Amino acid sequence: MKLLKDSKRALLKPHLLSVEDLSIPEVDILLNKANFYADANKQKGKIEKTLKRSTVITLFFETSTRTKTSFELAAKRLGANSIGINASASAIKKGETLIDTAMTLNAMHADVLIVRHPDSGAVKLLSEKVNCAVINAGDGTHEHPTQALLDALTIKRNKKNIKNLNIAICGDVLHSRVARSNILLLSKLGARLRVIAPPTLIPKNIENLGIEVFTDMKKGLVDCDIVMMLRLQMERMKGLYVPSTKEYFKFYGLDHEKLKKAKKDALIMHPGPMNRGIEIDSSLADNLDRSLIHQQVEMGVAVRMACLEMLTLGIDK
Ligand code: CP
């Protein structure tokens, strides 16, 4: 691949498809760079237009508010040409295949293609057909690497160290690419991970990832530093996974009572979009002393600036 020819660019892979592909030094460099941009964005400081000769295209086959907007904003803040393609308004509607669409965009000499697709593995397949960098913005139930990176940065800025933190990921783990990427990344960074979910929403053999598994939320939350809630992904469910949303909230929704089981200074996260009153009590979601949900969104722009820059320019910019 083009980027690997330059030794300065060899640290980060030419694509960002999975957190599994990232080494700990790569994650450290990326998070440090993102941390710099998080401060610069806050202070509305002058940001060097390091990508002013680059073209970034977002291609989303699923809905998105946070990921698509923050990638496009990140590209613009760094001075890149940024174009968003809505798959439902593209030639895909006329029968063009994913690969033909990718080849078409490739012929326009994009530098980075950011893709979200409902099928696990589709973004990797596409990355093999183009000669620009590809970022996985979420593929089916497989991975959402930039979400895990922004979650790691959010935790780092609030708890200083990720190592040895007890982190619970709660809810629809079965359908969650966010859960998978976070388990892989946060374990790599030394956190102790556990998942809490009804038996129907726990993937088979998940304990093989070296994590604890709980079906009782009150037991699972004991001693937790971070409580990460997940959305119930109704659109991916084929069949009945929970009796009702009311019942689900009673046993697996985060409320004040259940949160008391975690550490006194435990912080709450949710990747969004969230369903208030189903996964999380509304007043907890809005409690800025405990909830990091808005910070997660803020860190999303910074992390995506760092990813775009590192994939385009290499590690020394
Ligand atoms: N967390 C996340 O991926 O949100 P969007 O679906 O809004 O991009």
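You'll find the structure just up there.
Residues numbered from 1 in each chain as written. Predicted model: local features only at pLDDT ≥ 70, side-chain atom pairs only at ≥ 80, totals over all residues. Heavy atoms only, no water.

**With respect to empty space enclosed by the protein**
Within the structure shown, the criterion is met by 1 cavity of 30 Å³ or more. Space inside the largest cavity adds up to approximately 80 Å³. If you trace the largest cavity, you find it lined by Arg66, Ser70, Gln147, Leu150, His270, Pro271, Gly272, Ile293, Gln296, Val297, Gly300 and Arg304. Only helix H2 (66-77), helix H5 (145-159) and helix H11 (293-313) provide two or more residues apiece to the lining of the largest cavity. Looking at which element gives the most residues to the lining of the largest cavity, the answer is H11, with 5 residues. When grouped by side-chain class, the residues that make up the lining of the largest cavity number 4 nonpolar, 6 polar and 2 charged. (1 Å grid on protein atoms, 1.4 Å probe; cavity = no way out; pocket = protein on both sides within 12 Å on 5 of 7 lines; lining within 4 Å. Points joined across faces, edges and corners; volume = space filled by probe spheres on them. Helix = DSSP H or I, 4+ residues; strand = E, 2+ residues; numbered from the N terminus. Nonpolar A, V, L, I, M, F, W, Y, C, P; charged D, E, K, R; others polar.)

**Here's the deal with the site of the ligand**
Every residue close to the ligand is listed here: Ser64, Thr65, Arg66, Thr67, Arg116, His144, Gln147, Pro271 and Gly272. Between the ligand and Thr67, the relevant distance is 2.6 Å, taken from an oxygen atom to a side-chain nitrogen or oxygen of the residue. Taking Gly272, its main chain carries an N or O atom lying 3.1 Å from a nitrogen atom of the ligand. Here the ligand, which alone exposes 260 Å², has 92% of that area covered by the protein. (Near = heavy atom within 4 Å. Polar contact = N/O pair within 3.5 Å; in protein donor to acceptor, adjacent residues only side chain to side chain. Areas by Shrake-Rupley, 256 points an atom, 1.4 Å probe, with all protein chains shown as cover.)

**Describing the layout of surface pockets**
To find leftover empty space, one rolls a probe the size of a water molecule over the atoms. Its volume calculated, the largest pocket comes out at about 410 Å³. Lining the largest pocket are 20 residues, with Arg116, Arg177, Arg231, Gly272 and Pro273 sitting closest to its centre. Mapped onto the lining of the largest pocket, the elements with two or more residues apiece are H2 and helix H6 (177-188). Split into classes, the residues belonging to the lining of the largest pocket amount to 4 nonpolar, 9 polar and 7 charged. Each pocket or cavity is described by its volume, and for the second largest pocket that value is around 170 Å³. As for the second largest pocket, its lining consists of Ala38, Ala40, Asn41, Lys42, Lys44, Gly45, Ile47, Lys49, Arg77, Glu298 and Val301. At the level of secondary structure, the elements contributing two or more residues to the lining of the second largest pocket comprise helix H1 (24-42) and H11.

**Quick look at the pairing of strand S2 (residues 81-86)**
The two faces of a sheet get side chains in turn, since along a regular strand they alternate between them. In the sheet, strand S1 (residues 55-60) pairs with S2 via 6 bridges, with the strands oriented parallel. By the bridge assignment, Val56 is partnered in S2 with Ser82. In this region the chain leaves S1, passes through H2 and returns to the parallel neighbour S2; the handedness of that crossover is right-handed. (Pairing = 2+ DSSP bridges. Right-handed = clockwise from strand over helix to strand, strands pointing away.)

**Some details on the sheet that holds strand S4 (residues 133-139)**
Hydrogen bonding along the main chain pairs the strands of a sheet, whether they run parallel or antiparallel. The strand order across the open sheet built from 4 strands is S2-S1-S3-S4, with neighbouring strands paired in parallel fashion. Strand pairing shows two members of the sheet lacking a second neighbour, S2 and S4, which therefore form its edges. This sheet shows a mean twist of 15 degrees between the axes of neighbouring strands, independent of strand direction. (Axes fitted to C-alpha atoms, helices over the stretch in contact; angles between N-to-C directions.)

**Brief notes about the packing of aromatic side chains**
Across all of its chains, the model carries 2 aromatic pairs by this definition. Consider the rings of Phe36 and Tyr37, whose centres lie 5.2 Å apart with planes at 65 degrees: the pair is edge-to-face. We classify Phe36 as exposed; its relative accessible area is 54%. Directly above the ring of Phe249 sits Lys258, whose terminal nitrogen or CZ lies 5.7 Å from the centroid. (Phe/Tyr/Trp six-rings, centres within 6.5 Å; stacked < 30°, edge-to-face > 60°. Buried < 20%, exposed > 50% of the residue type's maximum accessible area, 1.4 Å probe, protein only. Lys NZ or Arg CZ within 6 Å of the ring centre and 35° of its normal.)

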